[in-house]
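Geometric and topological summary
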Amino acid sequence: MSSRPGRTSTGRWGLRRPLCRRWRARGMCTTGRGLSEPLTARSRRGNRNNRAARNGSPGKRARAIFSLVLERLTALTSLMRQGLADGGWRGSLRHAELENLVEGGICRVQQRRGWSRGGMIVNSLSLCYHNKLILAPMVRVGTLPMRLLALDYGADIVYCEELIDLKMLQCKRVVNEVLSTVDFVAPDDRVVFRTCKREQNRVVFQMGTSDAERALAVARLVENDVAGIDVNMGCPKEYSTKGGMGAALLSDPDKIEKILSTLVKGTCRPVTCKIRILPSLEDTLSLVKRIERTGIAAIAVHGRKREERPQHPVNCETIKAIAETLSIPVIANGGSHDHILDYLDIEDFRQATAASSVMVARAAMWNPSIFCKEGLRPLEEVMQKYIRYAVQYENHYTNTKYCLCQMLREQLESPQGKLLHAAQSSREICEAFGLGAFYEETTRELDSRRAELLARTPEEAGEPVEDTSSVIKMAVKFDRRAYLPQITPKMCLLEWCRRENLAQPVYETVQRPLDRLFCSVVTVAEQKYQSTLWDKSKKLAEQAAAIVCLRSQGLPEGRLGEESPSFHKRKREVPDQDSGGPRAQEPAIPGELCKKPFVTVGSGKESPLEGW
């Protein structure tokens, strides 16, 4: 790679360069043809930075080294985009050397420049999309436990599930000291997106959007906690396309260009997008060329048309044509089942598509150890490891249950599958897989951590400030398993108040800022009742307060073994069921029997997952 005949040496970054008095940054051509024109401003800056790096003070040397590395990256990026590598950049030895320079040298320097902001280290690592194994974005699946599990088994990059821009813009960023996570919490206290330091440099945030300004606002909200930003332009499902998002964007190239250009210019993270192929190859290539010109870092291509589903064959030839056309990394997607059954198949799929990297969806959902070089791990081991992550990071049990069902697949009718299907809490899921002791131990540890944090910051505890000496208190919690079907303590208390011609119960619920747990006080006949134990949801806290009132009055509360309450025939009129099941998340029915005149910090229904 010398620019002229003569002696050469290997440079610091593993590239050959001429031994001339004035080394030129632009002399590192991959075509073997050197440059003989006079020194440019860039090469003169490179010379100054070289001298400063050798002779300056430690501070100046550090700044000069960083500037020198950035100069080299600029030169290399320019050459790569001009397509000067022999036979194209993809697959050549020379390009591999350039890639090692970018990923090894640049990334290490940038990583040292991170700093603390808002409870986490600001991510300054430039994400590289060459030769990577990637967990695809999947609704309900791409939550924190699954992403961490994929990283454990060898994934290089993990995408979160698609999250809608309008939902994210309502969220508040909260540092969760108990779990050591950063949570993006909706006004109704649902955790829409949760991440942790371990995945910070390898998680890509995928959003669903149809507006450039909203997309940029979301990117700026999350950019310090993720490694990259991705726009979903391939989802064919109605919940995405009806808002002009997902695959609906493929028919509006102008909007695609505006969204991506705005993100590239406005955020400090690499921007990517995920698309599906168009009906014709010509239209597909025209679109991806236009996308490339926006300056994005990579493009993921699902090799199926918008109307096609997994049972249709993936079009490897179209992905290959895209990869041979573009100079940015192309990530191949859509090979699960037909092409990818184990680890070795991933490389075969990459070669068939000539792509830089491979993104795996369904095969990783069925068994995340698909990324493991040693081969697939036993499903029992994988599931237990997933459950441990789900408990440690307080994943909502419905999400945990869904992901486990996807792993079990044809084994759902097995004894263990039936236990999983019947589980109505994280505890019951753990018991179904022999992890009951782990659940109890982890729960105690998290509760202890909360208590320690509250002890250090009592002013943030969120305890009621008014005099509570007249409040009747008990240490109780509501456990759905201990009560009759369709019957709750709140229903029992309301029915008793009606029989006694008392005003209906009034619930006042507060939430602690530190751990977002809830405590409720119920007022019945001017007497207040409260449980001293804090709960994870306002509904559970209200049920606990109702239990305190009923037990104080010696009234039945609907527990198993008690005489069935006389109003059980009216259960269809009472939608206020707190089983945690799907009906507990339905909207309130107009004219419902049990109205809720409570004061609470949250509002609306509870839905554990965004994007369901």
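Residues numbered from 1 in each chain as written. Predicted model: local features only at pLDDT ≥ 70, side-chain atom pairs only at ≥ 80, totals over all residues. Heavy atoms only, no water.

Attention shifts here to the nonpolar core. By size, the foremost hydrophobic cluster in this structure holds 114 residues, and its most contacted members are Met168, Phe205 and Ile299. Looking at this core, the element that brings in the most residues is helix α13 (residues 379-392), giving seven residues. Domain assignment of the residues forming this core places at least three in each of domain 1 (132-375) and domain 2 (378-453). By size, the runner-up hydrophobic cluster in this structure holds 23 residues, among which are Ile487, Cys497, Leu550 and Leu555. (Core = buried A, V, L, I, M, F, W, Y, C linked by side-chain atoms within 4.5 Å. Buried < 20%, exposed > 50% of the residue type's maximum accessible area, 1.4 Å probe, protein only. Helix = DSSP H or I, 4+ residues; strand = E, 2+ residues; numbered from the N terminus. Domains from an automatic or database assignment.)

A separate point is the pairing of strand β15 (residues 330-333). Both faces of β15 are covered, namely the face carrying Val330 and Ala332 and the face carrying Ile331 and Asn333. Sheet topology note: the strand β14 (residues 298-302)/β15 ladder contains four bridges and is parallel. Paired with alanine 300 across the bridge in β15 is isoleucine 331. In this fold, β14 hands off to helix α10 (residues 316-325), which returns the chain to β15; that crossover is right-handed. Relative to strand β16 (residues 357-360), β15 runs parallel, the two sharing three bridges. Counted as the bridge partner of asparagine 333 is methionine 359 from β16. (Pairing = 2+ DSSP bridges. Right-handed = clockwise from strand over helix to strand, strands pointing away.)

Turning our attention to the packing of helix α18 (residues 489-499) against helix α19 (residues 538-553). With their axes 8 Å apart at the nearest point, α18 and α19 run at an angle of 50° to one another. With respect to α19, the element α18 is oriented oblique. In the crossing of α18 with α19, the sense of the turn from one axis to the other is left-handed. Of the residues in α19, those touching α18 at Pro489, Lys490, Cys492, Leu493 and Trp496 are Glu542, Gln543, Ala546, Ile547, Cys549, Leu550 and Gln553. (Axes fitted to C-alpha atoms, helices over the stretch in contact; angles between N-to-C directions. Parallel < 35°, antiparallel > 145°, perpendicular 65-115°, else oblique. Left-handed = near helix turned anticlockwise from the far one by under 90°. Contact = heavy atoms within 4.5 Å.)

So, on to helix α9 (residues 281-292). When the terminal C-alpha atoms of α9 are compared, their 16 Å separation across twelve residues agrees well with the 16 Å that a helix rising 1.5 Å per residue should span. Within the span of α9, buried status applies to Thr284, Leu285, Leu287, Val288, Ile291 and Glu292. Projected down its long axis, α9 shows its buried positions confined to an angular sector of 160°, all on one face. Lining the buried residues of α9 we find α8 (253-266), β13 (271-276), β14 and α10. (Expected span 1.5 Å × (residues − 1). Arc of directions from axis to C-beta.)

Bringing the sheet that holds strand β9 (residues 181-185) into the picture now. Pairing between sheet strands relies on hydrogen bonds along the backbone, with the strands arranged either parallel or antiparallel. On the basis of which strands lie adjacent, the open sheet formed by three strands has the order β8-β9-β10 and antiparallel pairing. With one partner strand each, in any of the chains shown, β8 (172-176) and β10 (191-196) form the two edges of the open sheet. Across the sheet, the mean angle separating the axes of adjacent strands is 25° when strand polarity is ignored. Relative to β10, β9 is paired through five bridges, and the arrangement is antiparallel.

The terminal C-alpha atoms of α19 lie 23 Å apart, and with 16 residues this matches the ideal 22 Å at 1.5 Å per residue to within 8%. For α19, the tally of buried residues reaches twelve of 16 residues, placing the bulk of the element in the interior. Buried residues along α19 sit in contact with β17 (472-474), α18, β18 (506-511), β19 (518-524) and β20 (527-531).

So, about the packing of aromatic side chains. If you walk through the whole model with that rule in mind, you get three aromatic pairs. Between phenylalanine 193 and phenylalanine 205 the ring centres are 5.2 Å apart and the planes differ by 80°, which places this aromatic pair in the edge-to-face class. Highlighted residues: phenylalanine 193 in strand β10 and phenylalanine 205 in strand β11 (residues 203-208), separated in sequence by twelve residues. With a centroid separation of 5.0 Å and 40° between ring planes, the pair formed by phenylalanine 478 and tyrosine 483 is classed as tilted. One exposure class covers both phenylalanine 478 and tyrosine 483, and it is buried. Pairwise contacts between aromatic rings join Phe184, Phe193 and Phe205 into one cluster. (Phe/Tyr/Trp six-rings, centres within 6.5 Å; stacked < 30°, edge-to-face > 60°.)

Even without a glycine there, the phi angle at asparagine 131 is positive, about 50°. With respect to the helices and strands, asparagine 131 occurs in the loop between β4 (120-121) and β5 (133-135). Despite not being glycine, glutamate 394 has its phi angle at roughly 50°, a positive value. Here glutamate 394 is to be found in the loop between α13 and α14 (397-408). Given a relative accessible area of 24%, glutamate 394 falls into the partly exposed group.

Right, let's talk about the confidence of the model for the protein chain for a bit. Residues of the protein chain with pLDDT of at least 70 account for 69%, and the chain-wide mean is 78. In this model residues 1-42 is a low-confidence stretch, pLDDT under 50, and it forms 68 contacts with partners more than four residues away in sequence or in other chains. Overall, residues 78-125 carries pLDDT values under 50, and its contacts beyond four positions in sequence, including any with other chains, amount to 102 contacts. (pLDDT = per-residue confidence, 0-100.)

Taking burial as the measure, the six residues of β13 include six buried ones, the bulk of the element. Of the two faces of β13, the one holding Val271, Cys273 and Ile275 and the one holding Thr272, Lys274 and Arg276 are both buried throughout. One ladder, built from five bridges, connects strand β12 (residues 228-233) with β13; its direction is parallel. When the bridges of β13 are listed, valine 231 appears paired with cysteine 273. Across five bridges, β13 lies against β14 in parallel orientation.

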